[in-house]
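Spelled out from the first residue to the last, the chains are:
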Amino acid sequence: MPNPSLLILPGDGIGPEVMAEVRKVIDWFGTHRNLTFDVTEDLVGGCAYDKHGTPLTDETMAQAQRVDAVLLGAVGGPKYDDLDFSVKPERGLLRLRKEMDLFANLRPAQCFDALADFSSLKKDVVAGLDIVIVRELTSGIYFGEPRGIIEEGNERVGINTQRYTESEIERVCRSAFELAMRRGKKLCSMEKANVMESGVLWRQIATEVGKDYPDVELSHMYADNGAMQLVRNPKQFDVIVTDNLFGDLLSDAAAMLTGSLGMLPSASLGAPMENGRPKALYEPVHGSAPDIAGQGKANPIACILSFAMALRYSFDRGDDAMALEGAVEAVLAQGLRTADLLGEDGKDPVTTSEMGDAIVAALGAG
Ligand code: NAD
Ligand code: IPM
Ligand code: MN
């Protein structure tokens, strides 16, 4: 059997800093678990634009299609804000998602016991929280046509189009029901069927798919209410399924239930291939955090937990994923905190690299 293959795309800002910690974890699995990956590393985002004039070369795209899984840090930064849309760092990531057809983006928000006091919400509200947002990732207003900025009369008009086909809604809902079956058997579908036709269709399709999953309790919620319910009483949810834009917003909000955006991992999955595994890209939910880049302040846990998701969903190593999640939990229980978890005037934060080292140490010699 050849080694499983990984393409690592650290990207911009804190991306390379948090990915360096994942590399330590990958090395640990090579040494202690006989799990050696064939790793290639390449550029995506602003750094790829600087070198090649494009945020993702065709060669890197082709490599992403070939490997068993892609790990990505983060892309973007103020330096690139004024670039044309076609070459913005974010386009590199969007191209990967679209061309790999990674339609189901799983964004778990779990509140570790040691961090229940660190959320901006009351401890009772978040303690024990364990939910997953399933965000549609390859369609909707991110990709709909027409789009652009056009001249109309004597002013400019910015245009984006929300567009969903039945099959696009169906496949992501099916993924969410399948996930709910393996969890608490509750699924809440969020849209705005009160004002958007795409939301009306979304609700109909979610209901139809639900007939195949009689054991899952399906509910529907307008996404604005959903945002409010997520901060009022997040533990009412198990799995949430929603569109691309709502999923982007709701998952950043859910991040704060766990203590920090630096805690949230994600898996972006396509349909199963011939080998039974989905095409997959794993990345933290957070961005390149230009405000703290290069200072050793970034929390690497979101990226490390994204690798744990890769172990689970791409490499059938659920036990190893649990071992890694357990190591993260142990380190937090010891009281180690990066600056993001401590708030404005928090004392004695550990650095990105110290956090990575501690997690590797907690994995043990075994
Ligand atoms: P951001 O997620 O980069 O940062 C938001 C805030 O959270 C900042 O204060 C940042 O310091 C903090 N933060 C984020 N991750 C952290 C971590 N691991 N540890 C500690 N603190 C962390 O969002 P933004 O500032 O709105 O965007 C910055 C750039 O990142 C933009 O170019 C944006 O397009 C891009 N972005 C990329 C991705 C991605 O690559 N998947 C996701 C979101 C944003
Ligand atoms: C995310 C990011 C991306 C998105 C950007 C960088 C394209 O915010 O992954 O959440 O909007 O999907
Ligand atoms: Mn986002």
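Residues numbered from 1 in each chain as written. Chains lettered and ligands numbered in written order. Predicted model: local features only at pLDDT ≥ 70, side-chain atom pairs only at ≥ 80, totals over all residues.

**Observations regarding the domain arrangement of the protein**
Then comes step 1: Domains assigned within the protein are domain 1 (1-105 + 261-366) and domain 2 (130-256).
Then comes step 2: Domain 1 and domain 2 are separated by 24 Å when their C-alpha centres are compared.
Then comes step 3: Counting residues at the interface gives 13 residues for domain 1, matched by 15 residues for domain 2.
Then comes step 4: Of the residues forming the side of domain 1 that touches domain 2, the biggest block, three residues, is contributed by helix α4 (residues 89-99).
Then comes step 5: Among the residues making up the side of domain 1 that touches domain 2, the classes are represented as eight nonpolar, two polar and three charged. (Domains from an automatic or database assignment. Contact = placed C-beta atoms within 7 Å. Helix = DSSP H or I, 4+ residues; strand = E, 2+ residues; numbered from the N terminus. Nonpolar A, V, L, I, M, F, W, Y, C, P; charged D, E, K, R; others polar.)

**Let's talk about the site of ligand 2**
Then comes step 1: Neighbouring residues of ligand 2: Gly76, Glu90, Leu93, Leu94, Asp248, Val285 and Gly287.
Then comes step 2: Broken down by element, the residue count for the shell around ligand 2 peaks at three residues, all from α4. (Near = placed C-beta within 6 Å.)

**Concerning the site of ligand 1**
Then comes step 1: Neighbouring residues of ligand 1: 22 residues in total, closest Gly76, Gly262, His286, Gly287 and Asp340.
Then comes step 2: When the residues that make up the shell around ligand 1 are grouped by side-chain class, the tally is 11 nonpolar, seven polar and four charged.

**Thoughts on unusual backbone geometry**
Then comes step 1: Cis peptide bonds are those with omega within 30 degrees of zero, and the linkage from Glu145 to Pro146 qualifies with 0°.
Then comes step 2: Residue placement: Pro146 occurs in strand β6 (residues 144-152).
Then comes step 3: For Asn34, which is not glycine, the phi dihedral falls at a positive 55°.
Then comes step 4: Considering the arrangement of structural elements, one finds Asn34 in the loop between α1 (15-33) and β2 (38-41).
Then comes step 5: Given 7 C-beta atoms within a 10 Å radius, Asn34 is considered exposed.
Then comes step 6: Phi at Lys185 is positive, roughly 60°, even though this residue is not glycine.
Then comes step 7: Counting through the fold element by element, Lys185 comes out in the loop between α6 (166-182) and β8 (186-191). (Buried ≥ 20, exposed ≤ 12 C-beta atoms within 10 Å, placed from the backbone.)

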